[in-house]
Amino acid sequence: MGNAPAQKREFVVKSRLLEPDDVRRALVRISHEIVERNKGTDDLVIVGIRTRGAPLADRIAASIADFEGADVPSGALDVTLYRDDVALRGPRNLEATTVPADLDGRNVVLVDDVLYTGRTIRAAFDAVLDLGRPRAIRLAVLVDRGHRELPIRADHVGKNLPTAASEIVKVHLQEIDGEDAVLIGEYRP
Amino acid sequence: MMKHLLSMDQLSSADIVTILDTAESLRSVTDRPIKKLPTLRGRTVCNLFYEASTRTRISFELAAKRLSADVINFSADSKSSVAKGESFKDTAWTLEAMGVDAIIVRHGSSGAPHQLSQWVKASVLNAGDGQHEHPTQALLDLYSMREHFKDLEGLKVAIVGDVLHSRVARSNVKGLVTMGADVILIGPPTLIPPQAATWGARIGYDLDEVLEEIDVCYLLRVQKERQSEQLFPSLREYAALWGLDSRRLARMKPEVLVMHPGPMNRGVEIGADVSESPRSIILDQVANGLAVRMSLLYLMLGGRSEDGEVFE
Amino acid sequence: MSRYLLRGGRVIDPASGVDERRDLLIEEGVVASTGATLDEAGAEVIDVAGAVVAPGLVDLHTHVREPGREDEETIASASAAAAAGGYTAICTMPNTDPIADSAAIVEKVWALGREAGLVEVVAAGALSKGQRGEKMADIGEMVRSVARVRLFTDDGHGVQNSLFARRVMEYLVTFDAIYAEHCEDEALAAGGMMHEGERSMALGMRGIPSEAEELMAARDIALAKLTGCRLHLLHISTAGTAEIVRRARAEGVRVTAEATPHHFSLTDAELESYDPNAKVNPPLRTEEDRAAIVGALADGTIDAIATDHAPHALEEKDVEFQYAPPGMVGLETSLALTLTELVHPGHISLTRAIELLSVGPSRILGLPQGGPLTSGDPAHVVVFDPDGEWTVDPARLRSLCKNTPFVGRKLRGRVLHTFFAGRLTVRDGVVLAGELV
Ligand SMILES: [Zn+2]
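Residues numbered from 1 in each chain as written. Chains lettered and ligands numbered in written order. Predicted model: local features only at pLDDT ≥ 70, side-chain atom pairs only at ≥ 80, totals over all residues. Heavy atoms only, no water.

**Student:** How do you make sense of the overall build of chain A when you look at a structure like this?
**Tutor:** Looking only at helices and strands, chain A has five helices and eight strands in total. Reading the helices (α) and strands (β) of chain A from amino to carboxyl end gives β-α-β-α-β-α-β-α-β-β-β-α-β. Computed over C-alpha atoms, the radius of gyration of chain A comes to 17 Å, within 12% of the 16 Å expected from 2.2 N^0.38 for 189 residues, which places it in the range of a compact globule. In chain A, the share of contacts with a sequence separation of at least 24, taken over all contacts with a separation of at least 6, comes to 70%. (Helix = DSSP H or I, 4+ residues; strand = E, 2+ residues; numbered from the N terminus. Rg over C-alpha atoms; globule rule 2.2 N^0.38 Å. Contact = heavy atoms within 4.5 Å.)

**Student:** What is the right way to read the arrangement of the chains from this model?
**Tutor:** There are two pairs of chains in contact here; the most contacts are made by chains A and B. One finds no contact linking chain A with chain C; the least C-alpha distance across the pair is 18 Å.

**Student:** Please explain the coordination of the zinc ion as it appears in this structure.
**Tutor:** Ideal geometry at a metal gives 109.5 degrees between four tetrahedral donors and either 90 or 180 degrees between six octahedral ones. Residue and element names in this part refer to chain C. In the first shell of the zinc ion, the protein supplies Asp155 (OD), His182 (ND1) and His235 (NE2), at 1.9 to 2.3 Å from the metal. In primary sequence terms, the donor set of the zinc ion follows D-x26-H-x52-H. With His182 in the loop between strand 10 (178–181) and helix 5 (186–189) and His235 in the loop between strand 13 (230–233) and helix 8 (239–250), this residue pair connects regions lying 53 residues apart in the sequence. No difference in accessibility class separates His182 from His235, as the two residues are buried. (Donors = N, O, S within 2.8 Å, 3.2 Å for Na, K, Ca; no water. Buried < 20%, exposed > 50% of the residue type's maximum accessible area, 1.4 Å probe, protein only.)

**Student:** Sorry if this is basic, but what is going on with the state of the cysteines here?
**Tutor:** Among covalent bonds in proteins, the disulfide is the one between the sulfur atoms of two cysteines. For the structure on display, the rule yields zero disulfides over all chains. Among the cysteines around Cys229(C), which has no disulfide bond, Cys183(C) carries the closest sulfur, lying 13 Å off. (Disulfide = S-S within 2.5 Å.)

**Student:** How should I be thinking about the sheet that holds strand 6 (residues 182–186) of chain B in this particular structure?
**Tutor:** Residue and element names in this part refer to chain B. Across the sheet, five strands lie side by side as 7-6-5-8-9; this open sheet has parallel pairing. Edge positions in the sheet fall to strand 7 (202–204) and strand 9 (257–259), since each has one partner strand and no second. Strand-to-strand, the axes of this sheet are offset by a mean angle of 20 degrees, without reference to chain direction. For strand 6 and strand 7, the ladder comprises three bridges, and the chain directions are parallel. The residue bridging Ile184 from the neighbouring strand is Arg202, located in strand 7. (Pairing = 2+ DSSP bridges. Axes fitted to C-alpha atoms, helices over the stretch in contact; angles between N-to-C directions.)

**Student:** Hey, could you run me through the packing of helix 7 (residues 210–227) of chain C against helix 8 of chain C in this one?
**Tutor:** How two helices pack is summed up by the angle between their axes together with the distance between the axes. Residue and element names in this part refer to chain C. Two elements in contact, helix 7 and helix 8, have axes separated by 9 Å at closest approach and are oriented at 15 degrees. With respect to their mutual orientation, helix 7 and helix 8 come out roughly parallel. Where helix 7 crosses over helix 8, the two elements pack in a sense that is right-handed. Residues Glu213, Glu214, Ala217, Ala218 and Ile221 of helix 7 form the contact with helix 8, whose participating residues are Gly240, Thr241, Ile244, Val245 and Ala248. When its residues are assigned to classes, the contact of helix 7 with helix 8 shows six nonpolar, two polar and two charged. (Parallel < 35°, antiparallel > 145°, perpendicular 65-115°, else oblique. Left-handed = near helix turned anticlockwise from the far one by under 90°. Nonpolar A, V, L, I, M, F, W, Y, C, P; charged D, E, K, R; others polar.)

**Student:** Sorry, what's going on with the interface of chain B and chain C here?
**Tutor:** Interface size is often expressed as the accessible area that is lost when the parts come together. At the interface, 29 residues of chain B touch 18 residues of chain C. Taken together, the two surfaces of chain B and chain C that pack against each other cover about 1800 Å², and 52% of this comes from carbon and sulfur. For chain B, the biggest contributors to the area lost against chain C are Ser110(B), Gln115(B) and Gln195(B); these three give 25% of the whole. For the pair chain B and chain C, the number of links is two salt bridges. Here Glu229(B) makes a salt bridge to Arg206(C), at a shortest N to O gap of 3.3 Å. (Buried area = accessible area lost by both parts, 1.4 Å probe. Salt bridge = Lys/Arg side-chain N within 4 Å of Asp/Glu carboxyl O.)

**Student:** Looking at this structure, how should I read the confidence of the model for chain A?
**Tutor:** Atom-level detail of predicted coordinates should not be read off regions where pLDDT is low. Averaged over all residues, the pLDDT of chain A equals 89, while 92% of them reach at least 70. Segment residues 1–6 of chain A: pLDDT under 50, and 13 contacts once partners within four positions in sequence are set aside and those in other chains are kept. (pLDDT = per-residue confidence, 0-100.)

**Student:** Explain the domain arrangement of chain C to me, please; I cannot follow it from the model alone.
**Tutor:** Residues and elements named next belong to chain C. As far as domains go, chain C holds domain 1 (4–53 + 375–431) and domain 2 (56–186 + 216–365). Computed from C-alpha coordinates alone, the two centres of domain 1 and domain 2 are separated by 24 Å. Facing 36 residues of domain 1, the contacting portion of domain 2 comprises 49 residues. Both sides together, the interface formed by domain 1 and domain 2 hides about 3300 Å², and carbon and sulfur atoms give 69% of it. (Domains from an automatic or database assignment.)

**Student:** What should I look at first to understand the sheet that holds strand 1 (residues 44–49) of chain B in this one?
**Tutor:** Whether parallel or antiparallel, the strands of a sheet pair through hydrogen bonds between backbone atoms. Residue and element names in this part refer to chain B. Taken in spatial order, the four strands make up an open sheet running 2-1-3-4, and their pairing is parallel. Single-partner strands in this sheet number two, and they are strand 2 (70–75) and strand 4 (123–129). Averaged over neighbouring strand pairs, the angle between their axes works out to 15 degrees when direction is ignored. Direction of pairing for strand 1 relative to strand 3 (residues 102–107): parallel, over a ladder of five bridges. Residue pairing for strand 3: Phe49 is matched across the bridge by Arg106.

**Student:** I would appreciate a short explanation of the environment of Arg221(B) in the present structure.
**Tutor:** Residue and element names in this part refer to chain B. In this structure, Arg221 sits in the loop between strand 8 (216–219) and helix 9 (235–242). Considered as a pair, Arg221 and Pro263 are 42 residues apart in the sequence and their alpha carbons are 7.2 Å apart. A distance of 3.5 Å separates the side chain of Arg221 from the side chain of Asn265, its partner in a polar contact. (Polar contact = N/O pair within 3.5 Å; in protein donor to acceptor, adjacent residues only side chain to side chain.)

**Student:** Any chance you could explain helix 2 (residues 103–116) of chain C here in plain terms?
**Tutor:** For the α-helix, the turn length of 3.6 residues means that residues three or four positions removed from each other point alike. Residue and element names in this part refer to chain C. Here helix 2 spans 20 Å end to end across 14 residues, near enough to the 20 Å set by a 1.5 Å rise per residue. Those residues of helix 2 not exposed but buried are Ala103, Ile105, Val106, Val109, Leu112, Gly113 and Ala116. Taken together, the buried residues of helix 2 touch helix 1 (75–84), strand 7 (87–92), strand 8 (120–123) and helix 3 (139–144). Gly117, located one to two residues past helix 2, shows a positive phi value of around 70 degrees. (Expected span 1.5 Å × (residues − 1).)

**Student:** What is the right way to read the pattern of salt bridges from this model?
**Tutor:** Side chains that carry opposite charge are capable of pairing whenever their charged atoms lie near each other. Evaluated as defined, the whole model comprises 66 salt bridges over all chains. When the shortest N-O distance is used, the salt bridge between Glu212(B) and Arg251(B) registers 3.2 Å. Here the residue Glu212(B) occupies a position in the loop between helix 8 (207–210) and strand 8, and Arg251(B) occupies one in helix 10 (residues 246–251), the gap between them amounting to 39 residues. With its nearest N and O atoms 3.7 Å apart, the salt bridge here joins Glu72(C) to Arg65(C).

**Student:** What exactly am I supposed to notice about unusual backbone geometry here?
**Tutor:** Comment: phi is negative for the bulk of residues other than glycine, and the bulk of peptide bonds are trans. The omega torsion of the bond from Arg50(A) to Thr51(A) falls at 15 degrees, within 30 degrees of zero and hence cis. Positionally, Thr51(A) belongs in the loop between strand 2 (44–49) and helix 2 (53–68). With an omega of 10 degrees, the peptide bond running from Gly371(C) to Pro372(C) counts as cis. Its location among the elements puts Pro372(C) in the loop between helix 13 (350–365) and strand 16 (381–391). Positive phi outside glycine occurs at His235(C), with the angle close to 25 degrees.

**Student:** Please clarify how empty space enclosed by the protein should be interpreted in this entry.
**Tutor:** To find the voids left in a structure, one rolls a probe of water-molecule size over its atoms. If you walk through the whole model with that rule in mind, you get five cavities of 30 Å³ or more. Approximately 70 Å³ is the volume attributed to the largest cavity. As for the largest cavity, its lining consists of Asp162(B), Leu191(B), Val222(B), Gln223(B), Arg226(B), Gln227(B), Leu231(B), Phe232(B) and Tyr238(B). Here the lining of the largest cavity is composed, by residue class, of five nonpolar, two polar and two charged. For the second largest cavity, the calculated volume is near 60 Å³. When contributions to the lining of the second largest cavity are tallied by element, the ones reaching two or more residues are helix 9 (261–265) and helix 12 (334–343) of chain C. (1 Å grid on protein atoms, 1.4 Å probe; cavity = no way out; pocket = protein on both sides within 12 Å on 5 of 7 lines; lining within 4 Å. Points joined across faces, edges and corners; volume = space filled by probe spheres on them.)

Okay, here's the thing in structure tokens:
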């Protein structure tokens, strides 16, 4: 079927910007901001955008449970089918969308690892709106690296990282990559 | 990703797993209130049906619409279109000129989708050609079996009936053998020529002999219009020897699955009570067809990336 | 009429047992003389060093479409294609529209052949009226007509009724004419589109079993023994048929057989692309059958290579496989395929190739085409470069139809010149139609 894996380009790390403790502290701060902004945990739903937004959402929910003592539902959203660049990039394997219960009237916090062009977030808006009618959608990201192509702004940011367009920002998470870190580097062709 | 889907021969077991996994992800969409996805917005899919089959056409049409593709339906009786009017090739070129991205073709002549794929730039999806193949049926059948048995490897599947004239049987045998299942073809030699053994399936003439060992009993439709060809003495005798009735069902494993590609001849290849028993997943097959067809349309039309690159 | 001196060619003339470098002087329609080095004596000298000079080829099995479908092939266009292929005689099959089952039609075919003037056009007559296998065609009238028909066939169909086959054979003995059979038991072959076997099963196409051919071949041989009629089996395609013929000949039955270039070159693997141009009847068989046909061509079981040249318009072939009519054109590729598939790989000698393409078929039809090429014999001559490479290009075929699966194939063996009764019909590969009229 010609679905051979793409030739792996080598990723060359230029520097490590966030270490495990930085990631942890950023998530705790975001968790506090979310609760503050929401004036408590009522109607709050944390939804991570696959792939790396999903474990981040779970961690934020756990963190909130920690300091608020309240269970906040969290889930994961695969936005692949909503992307505007499906035709340009080729199909990827789909992952499950596991959004808790009903989104109608809830305050949905979308979580992603890196905010870049904003196109993933736009796709996520459509995906969420097809699942229900939330009262509000807010956005939390671990890293904002700039270069927006759409008028989208994060409500909660772990770290603002000015980057060159040629650079690649990679977030590593324990659950997927075996470590927590934010790396900056380039692909060597 | 493949450009055309013409035959199950094209698919490796990894390909089949990708298609079924994607279908599984898409299956959940059909359970939510808003059943539409924007994925194939701006793409045009044509259902080119030279054989009447409302079921398959509707399934493809719905699959394409769920993914927001525009759908054109073009139906023609293959015989009349040869006698008069536009040739198959002219029709293909007309569709090409209209800029369709995919042609889903059902045709009474074996190999017609293969020929079509050589004439057009659009993707061609075989929705059943003559007595050759019906790959989407096989994929939805594999999907349905996998829902019940996690692993298809080593699964014992009996395919019973008119293998000779059945495109469903050809595609299913190929798919099942690729997935490592143990396939037994059951029926009289008028319906199962010895060459079928080269597909990697076993051949048996006696259904009763295999009842206890099989996990899936896949019944093929008896094509009554073939009665004149003297393939067996009578429908009554066929039903007695190869029909699945409740007496035979009772002898099978409790978790056995009864499958049929439809439409059924109740009282011939399948007893009415068997088709309605909890062991029958015939209606699941229909529902799963939608998800599998969405999966294929997404995988084939979702992108034109030549190197199979995925998103970062 | 011109005089030509063919200088320095390798003359292969099986009828006189010659295979040596010698010159050939053609004059007044006949071979005037042959010898190691002939004097020019005012003749046009054609240097044919390195080429083979052989008796003109004879095709036992050509479908022209005149009368009836002149858009597909006229007798003139078939004659041009034949000359280009090195032929000096073709035997036209009677399944035209109307069917050649009466003196009027065969005389018309014969006359049109004369008019074209490029090859001898020998009309075959139908065995039965309308080729329906029920009533005898006007056999005696066709034999006695100016067309002097000597080969009768219902080609396209086998004669299904054994009693009818027997009666016709008996009747043909009157004229010592040939009963030629397209061996196919139609009940067994019904609906078949390709050879029945693993591949037809996998491709989902109704098959034609080998037995459909072999049963009729065996029946006809039994009837030929019974009646004493001369029997010719058209386009035999299976290992079984070859064996049946081999045994019958050992027993002394008067049976001859032909095989086509496509049956010794191709197998049913060709069908995997569903190319309607590979659809023929009898169908392309298995590799085992193909090899058996090659063996039977080599050991003398088969007497002739015949093209079964069957032109079909593009719109007829460019359809779904199931709806495409069987047949492919063959006059312009048969010599090259024989050389490429049989001679160059060493299955048969060049001499045997000329026997199969010229001497054998010419004997069956009783024509002078097959040699010998000695003094005073009619000058039906082909000159070919046995190693000349060329690629089959539909645009360059003279046949009005281009339906051949060999398009794009590189072949070894090229016709340089053809002489029909001493007249140059092809020079340097170019058909000289205009000069003849
Ligand atoms: Zn024939």
